[in-house]
Amino acid sequence: MAWTQLAGHTVRGTPHRLLAGSAPSSSGSYQQAFVDIASAHCGLPVAEILPLLRAAADTALFGFTHADFAEQADAISRGTRYELWVRVTGR
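Residues numbered from 1 in each chain as written. Predicted model: local features only at pLDDT ≥ 70, side-chain atom pairs only at ≥ 80, totals over all residues. Heavy atoms only, no water.

Asks: What is the right way to read the overall build of the protein chain from this model?
Replies: Helix and strand content of the protein chain: 3 helices and 2 strands. By residue count, 40% of the 91 residues in the protein chain fall in the buried class. Sequence-distant contacts, at least 24 apart, represent 61% of the contacts inside the protein chain between residues at least 6 apart. About 5,100 Å² of surface is accessible on the protein chain, with carbon and sulfur atoms providing 57% of the total. (Helix = DSSP H or I, 4+ residues; strand = E, 2+ residues; numbered from the N terminus. Buried < 20%, exposed > 50% of the residue type's maximum accessible area, 1.4 Å probe, protein only. Contact = heavy atoms within 4.5 Å. Areas by Shrake-Rupley, 256 points an atom, 1.4 Å probe, with all protein chains shown as cover.)

Right under this line is the structure:
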């Protein structure tokens, strides 16, 4: 079991970045998707961002709740910094 930090800087004018040490491919793929979504959809309504986050999480096999997605989408929509910690466990 490991903890991996996923982060996206969604403040306008601040470059988005990936954090080092995201070894598991599922967390790395979601991290990249989050940064891509944040880069392309900053300032758009939460309702437009939610389905994109859900699709990325489904691809990465993450079981986020609606509240998790709403919090992430709100940060992207408002253009604010968001950090997400995920516990990765073996199967």
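Asks: Looking at this structure, how should I read the nonpolar core?
Replies: Across soluble globular proteins, you tend to see nonpolar side chains buried next to one another. Tyr30, Phe34, Leu53, Phe64, Phe69 and Ile76 are the most contacted members of the largest nonpolar core, which has 19 residues in total. Elements supplying a minimum of two residues to this core: helix H1 (25-41), helix H2 (46-60), helix H3 (66-78) and strand S2 (82-88). If you tally residues by element for this core, the top one is H2, at 6 residues. (Core = buried A, V, L, I, M, F, W, Y, C linked by side-chain atoms within 4.5 Å.)

Asks: Explanation requested: the packing of aromatic side chains in the structure shown.
Replies: For any pair of aromatic rings, the description rests on two quantities: the centre-to-centre distance and the angle between the ring planes. Using the criterion set out here, one finds 5 aromatic pairs in the structure. Pairing phenylalanine 64 with phenylalanine 69 gives two aromatic rings, centres 5.6 Å apart and planes at 85 degrees, and the pair type is edge-to-face. Since its relative accessible area comes to 6%, phenylalanine 69 is described here as buried. By the ring-pair criterion, three or more aromatic residues cluster together here, those being Tyr30, Phe62, Phe64 and Phe69. (Phe/Tyr/Trp six-rings, centres within 6.5 Å; stacked < 30°, edge-to-face > 60°.)

Asks: Whenever I open this one, H3 confuses me. Can you help?
Replies: Note on helix geometry: an α-helix contains 3.6 residues per turn, so any two residues three or four positions apart are oriented the same way. An ideal rise of 1.5 Å per residue puts 18 Å on 13 residues; H3 measures up with 18 Å between its terminal C-alpha atoms. All buried positions along H3 are accounted for by Phe69, Gln72, Ala73, Ala75, Ile76 and Ser77. Positioned one or two residues after H3, glycine 79 has a phi angle of 75 degrees, which is positive. (Expected span 1.5 Å × (residues − 1).)

Asks: Before we go on, may I ask you to explain the environment of isoleucine 37 in this structure?
Replies: Take isoleucine 37: it is sitting in helix H1. As a C-alpha pair, isoleucine 37 and alanine 56 span 19 residues in sequence and 9.4 Å in three-dimensional space. Beyond its immediate stretch of four places on either side in the chain, isoleucine 37 contacts Cys42, Ile49, Leu52, Leu53, Ala56 and Ile76.

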